[in-house]
Amino acid sequence: MDIFRYIVRFLYKIRWYLVILPMIALIVAWFLTRNMEHVYSTDTTIYTGMITGYNFEGGSGSFSGNAQTNINNLIHIIQTNNTLHEVSLRLFARCMINGNRQKDNNYISAEHFRALEDRVPQEVRGLIIKNGNDREEKTYNRLLAYEKASPNNYLTGILKDHPYFGIVKINERLKPNKIEGTDIINISYTANDPGICYNTVDILNRVFAKQYQQLRLGETTNVIEFFRKELQKLKGALDKAEQNLIAYNIKYGIINYGEQTKQLTVLESQYQAAHNQNDRNLATSQALLDYLERQMGDRAAVLRSNVEFTNMVREISRLQSRIANLKLMSSENGGNDPEALEELGKAEQELEKATKKVKELTGVIEANTYVPGTSVKANDLSQKWLEQILLLEQTKAEQSMQDLMKQDLDRQYKHYSPIGATLDRKVRKITFIEGNFMEMMRSLNTARMRQKNLLMATATLRVLNPPTFPMTALSTNRPMIILGAFMITFILTALWFFMIEMLDRTLRDRMRSERITEIPVLGCYPRESTLRYRRFNKTINDMALRQLSKTLLPYFKEGQQNVLNLISTDASNGKSYIAQELENYWVSIGLRVRRLTYDEDFLAEDSRYVMAKDVTDLCPDIQPDEIAIVEYPNLDDNTISTALLNSGTINLMVTRANRTWKDIDQKALKELESRLDDKNKLFMYLTEASRYAVEEFVGQLPPYTKFNNFVYRMSQLGLTAVENNHAK
């Protein structure tokens, strides 16, 4: 509770500082903010569709991937330098085209336009097109072409640090945020010009959507172009490979290599079967012919020697060779050649006629004759011999055709064998190119689908709430600035004095003295008032003196020598005055008092004082019933014997309340305390104390006005008390 009262008293002591300094700060803040500019704000909301939209690629959201990441990317695109650069240039162009020096409009106020136009150089003004269609777009293109990365370029300068057109300044006042739980973005912007505020957001709505579309479509446009070029290359390579294959097939007569080689294999099989059969027929016919010739004897030679017979056998052999050749040609052509079939028919008819003639001739030669030694007629035997002759010739003709067929098969094998490997290589090449072509086609279709999806996604960027022109300014924080200036000054003032209070080693009052010296304070004696309370000085002094007397007397006991030792660390602390006033007061109330003062009643450097063990050594004639008030010399220059200190009833350290308690003072006090047997005999007494320090011991001091009564009651925490007119 003492600490709380101390804080209250501390604040009361610096009350005028806590009132005057904050009020000065408040007035200064009010004066400085009297022309505080007004701030306007507008906002817009944009639907992105990145969470709830539809896309061709499947899944929710108009984009594939993480929807939150896509929205964050969109917000970052809004804040990129590229986007804000275009917004800044377009805003500058719009303001220069539509600004009016005399009248505020929806683009820029007249005051701000005058300030802007006065600083724009003439060469930049010449770029502004104020009439015609698309004047804003044309002006923007001119400004964009004029802008150069140079410190002397005007546009570079305003894009850097102009309050309206500076990229950094725009970014600082631009606040894009995603509305929680939705895929909607809210963009707010503040400026001290309502036209600038509105037009900045209006231009931003168009620019960032275009920037976002270009960025996202640029990803697929380049990919599509790459796939298209690669597809053209592959198509050319595929056409070239196919044309090469066609030319190769034409060159080597390939229609269907598989079927052709299959037919060749069939022909080979047929040839082997026919060849084997022909060999058997030839052997059989030759054996039978030899047998018949042995049976016929000389008749066979007779027949062979017949010229007509021989010529007819040769004709039959020729016809059989021709028939075999025609049959081979017919089989190679699939039996569908009408001319070959007609020739074959004619040849067979001729063979039949020739065979008939040769049989008739043989019959004539061997008419009804028998071969001797046999039971068979010679004509029959000759006929059988003739048949074997004809069969043998037929077999030889067929064998001759088979040999030709074998040569043809060998030739075809040699022809088709390398073609197969080459065709496989060419087909593999075509298949490889075709696979790449199809894969590239699928990639191209995927990229086009992606592009369509992005077109659909960017189409979902819709301005739900377009920006509105701000008609009224936002409420300024001027009251908070003024109040903040007052409160900060109040707190800093209190902290400053509190720091001084903590560091200050001035004794001042009971609480500070006890905190610094760690010795209890017995009382305080007031300093003389010179103005306001001057007429109450005598009354206040008497009150302090009576309080000191009232506090000291209970320590004195009857029947012993009562000694009051008055001590100080240095001079001019009021020991003599206090001793004299106490003496006078106690004498006035009938007490016997003896006051002993150094340099008057004893010498500080006298051996009698230095070696004194009792007050009687200083004053031998002192009576036991007398109260001895002993005023000792300063501790800084002299010493006091331990016996004298312990013989004192009360040891009172007298010091001024408005002095600094130095380290040497504290050292002397602690040394003095250490020599006391009873440390409860040592007390502090403050002189030259303030009113509130004295009131802590004597109660309320005069005058007793209502205000003083109230202040005193509050200092004593009598918050709800009702005091008498004379409150103590």
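Details of the structure are given in the entry above.
Fair warning: this is a prediction, and the values are worked out from it, not measured in the lab. (Residues numbered from 1 in each chain as written. Predicted model: local features only at pLDDT ≥ 70, side-chain atom pairs only at ≥ 80, totals over all residues. Heavy atoms only, no water.)

J.: Give me the lowdown on the pattern of salt bridges, citing residues and values where you can.
T.: For the coordinates displayed, the defined rule picks out 31 salt bridges. Across the pair Asp 118 and Arg 101 runs a salt bridge whose closest N-O atoms are separated by 3.1 Å. You can see Asp 118 sitting in helix H5 (residues 110-119) and its partner Arg 101 sitting in the loop between helix H4 (81-98) and H5, a full 17 residues away along the chain. Asp 118 gets classed as exposed once you look at its relative accessible area, which sits at 52%. Close ionic contact of Asp 606 with Arg 608 constitutes a salt bridge, the shortest N to O distance being 4.0 Å. The class for Asp 606 is partly exposed, based on a relative accessible area of 25%. (Salt bridge = Lys/Arg side-chain N within 4 Å of Asp/Glu carboxyl O. Helix = DSSP H or I, 4+ residues; strand = E, 2+ residues; numbered from the N terminus. Buried < 20%, exposed > 50% of the residue type's maximum accessible area, 1.4 Å probe, protein only.)

J.: I'd like a rundown of helix H8 (residues 154-161), residues and numbers included.
T.: Regarding H8, the residues found buried are Tyr 154, Leu 155, Ile 158 and Leu 159. Angularly, the buried residues of H8 cover 130° about the axis, an arc narrow enough to put them on a single face. Exposed residues pointing more than 90 degrees away from the buried face of H8 are listed as Lys 160 and Asp 161. Where H8 is buried, its residues contact H4, H5, helix H6 (122-125), helix H7 (135-146) and helix H9 (167-173). Of the residues flanking the start of H8, the one acting as N-cap is Asn 153, its side-chain oxygen 3.1 Å from the backbone nitrogen of Leu 155. (Arc of directions from axis to C-beta. Contact = heavy atoms within 4.5 Å. Polar contact = N/O pair within 3.5 Å; in protein donor to acceptor, adjacent residues only side chain to side chain.)

J.: I'd like a description of the environment of Leu 464, backed by residues and values.
T.: As for its position among the elements, Leu 464 is in strand E4 (residues 462-465). For Leu 464, a relative accessible area of 43% puts it in the partly exposed group. Placed 279 residues apart in sequence, Leu 464 and Ile 185 show a C-alpha to C-alpha distance of 9.8 Å. The contact partners of Leu 464, leaving out residues within four places of it in the chain, are Thr 45, Ile 46, Tyr 47 and Ile 184.

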